[in-house]
Amino acid sequence: MAFVGKKFPNLNVNAMNDMGDTFKLNVLEEAKNNNKKVLLFWYPKDFTFVCPTELHAFQAALGEFEKRNTMVIGASCDTAEVHFAWLNTAKDNGGIEGVTYPILADSNRNLASTLGILDITNEHYDEETGVVTVEGDNVTYRATYIIDEEGTVVHESINHMPLGRNVNEFLRLIDAYTHVQQKGEVCPANWEEGKTAMNANRSGVAEYLTAHLN
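Given the structure is predicted, the values throughout are model-derived calculations rather than measurements.

I'm lost on the overall build of the chain in this one. Help?
A tally of regular secondary structure across the chain gives seven helices and nine strands. Here the chain holds 214 residues, and 43% of them are scored as buried. Considering only residue pairs separated by 6 or more positions, the chain has 61% of its internal contacts joining residues 24 or more positions apart. With an accessible surface of roughly 11,400 Å², the chain has 48% of that area assigned to carbon and sulfur atoms. Taken together, the 17 basic and 30 acidic charged side chains of the chain have centroids lying 8 Å from each other.

Shown next, in the form of structure tokens:
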């Protein structure tokens, strides 16, 4: 189910911070109540391989997101206790020590199921036993959401398990959407901060193509 253009689901989810505190976090309310954008990224599992590289990459860019009035929130279906154990594991042992943004612990999978990002296929109900079985690990793909200050999803993307994300692309997308909000222009292919945008009309696209694609 696509959520672009819609409000992010209004659900409270357990979360863990680097201090070891477990608390309820509602992504929609975080955006609206703080008048901030939210970058929410999901990853499959704690204590794995591509995942810590992504969590450290988002941490390294945290200052850039903050400059853009954007909160970063990680998420997986691990428990808060497992998150805390991973947060206390050193980098040289595959851990995420040093990560400071909150991480959702959607262990009941309420939010991940609502978003439709779980690795499950071929759900089967056995009428005799009443047992439901599925194929897959029942963990999330690498899904990413950008939510604006009103709680509306303006970007969503999903990577398969082996494909790590490019953090700079999400900074670029936030820059682009902020430009749209502030200037009323639209951002063409490969737009970056400081480059020319265009008006969303026939003359605007004609002027842009003439100036940039000849």
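Help me understand the pairing of strand S9 (residues 153-159), please; the structure alone is not making it clear to me.
Here is the key point about a regular strand: its side chains alternate between the two faces of the sheet. Here strand S8 (residues 142-147) runs beside S9; their pairing, made up of six bridges, is antiparallel. The residue bridging Arg142 from the neighbouring strand is Asn159, located in S9. In textbook terms, the turn of a hairpin is the stretch between consecutive antiparallel strands, and for S8 and S9 this stretch comprises five residues, one of which, Gly151, has a positive phi near 90°.

Explanation requested: unusual backbone geometry in the structure shown.
Trans is the common state for peptide bonds, and a negative phi is the common state for residues other than glycine. We note that Asn122 has phi near 50°; this positive angle belongs to a residue other than glycine. For Asn122, the location among the structural elements is in strand S6 (residues 121-125). Exposure remark for Asn122: the relative accessible area of 53% places this residue in the exposed category. The phi dihedral of Asn190 falls on the positive side, at around 65°, and the residue is not glycine. On the basis of relative accessible area, Asn190 is assigned to the exposed category, the value being 65%.

What should I look at first to understand the confidence of the model for the chain in this one?
Caution applies to low-pLDDT regions: their predicted coordinates should not be interpreted in detail. The share of residues in the chain with pLDDT of 70 or more is 99%, and the mean pLDDT across the chain is 96. The element-level mean pLDDT for the chain is lowest in S6, coming to 89, with strand S3 (residues 37-42) highest at 99.

Could you clarify how one ought to interpret the packing of aromatic side chains in this entry?
The geometry of an aromatic ring pair is captured by two quantities: the separation of the ring centres and the angle between the planes. By the definition in use, this model includes eight aromatic pairs. Their ring planes at 75° and their centres at 5.8 Å tell us that Phe8 and Tyr145 sit as a pair that is edge-to-face. With Phe8 in the segment before strand S1 (13-16) and Tyr145 in strand S8, this residue pair connects regions lying 137 residues apart in the sequence. This pair shows no difference in class: Phe8 is buried, exactly as Tyr145 is. Considering the side-chain rings of Phe47 and Trp86, the 5.8 Å spacing of their centres and the 40° angle between planes classify their relative orientation as tilted. Here Phe47 is found in the loop between S3 and helix H2 (50-60), whereas its partner Trp86 is found in helix H4 (residues 80-87), with 39 residues between them in sequence. Using a relative accessible area of 41% as the deciding quantity, one classes Phe47 as partly exposed. In this structure an aromatic cluster arises from ring pairing among Phe41, Tyr43, Phe47, Phe58, Phe65, Trp86, Tyr101 and Phe170.

Could you clarify how one ought to interpret the environment of Phe3 in this entry?
You can see Phe3 is positioned in the segment before S1. Distance in space between the C-alpha atoms of Phe3 and Gly74 is 18 Å, their sequence separation being 71 residues. With near-sequence residues (within four places) excluded, Phe3 lies in contact with Pro9, Thr114, Leu115, Val153 and Glu156.

Which parts of the structure should I look at to understand the pattern of salt bridges?
Evaluation of the coordinates by the stated rule reveals eight salt bridges. For Glu64, the salt bridge identified is with Arg68, shortest N-O distance 2.9 Å. Connected through shared salt-bridge partners, Glu64, Lys67, Arg68 and Asp175 make up one network.

What's the story with the side chain of Asp119 in this structure? I'm lost.
With respect to the secondary-structure elements, Asp119 resides in the loop between helix H5 (110-115) and S6. If sequence neighbours within four positions are ignored, Asp119 has contacts with Glu135, Gly136, Asp137, Asn138, Val139, Tyr141 and Met161.

So what exactly am I meant to see when it comes to the pairing of strand S7 (residues 132-135) here?
Summarising the sheet, S6 and S7 pair through three bridges and their orientation is antiparallel. The residue of S7 that forms the bridge with Tyr125 is Val132. Taken together, S6 and the strand that follows it, S7, pair antiparallel across an intervening segment of six residues, in which Gly130 is found at a positive phi of about 75°.

The rules behind the values
Residues numbered from 1 in each chain as written. Predicted model: local features only at pLDDT ≥ 70, side-chain atom pairs only at ≥ 80, totals over all residues. Heavy atoms only, no water. Helix = DSSP H or I, 4+ residues; strand = E, 2+ residues; numbered from the N terminus. Buried < 20%, exposed > 50% of the residue type's maximum accessible area, 1.4 Å probe, protein only. Contact = heavy atoms within 4.5 Å. Areas by Shrake-Rupley, 256 points an atom, 1.4 Å probe, with all protein chains shown as cover. Lys, Arg positive; Asp, Glu negative; His and termini not counted. Charge placed at Lys NZ, Arg CZ, Asp CG, Glu CD. Pairing = 2+ DSSP bridges. pLDDT = per-residue confidence, 0-100. Phe/Tyr/Trp six-rings, centres within 6.5 Å; stacked < 30°, edge-to-face > 60°. Salt bridge = Lys/Arg side-chain N within 4 Å of Asp/Glu carboxyl O.

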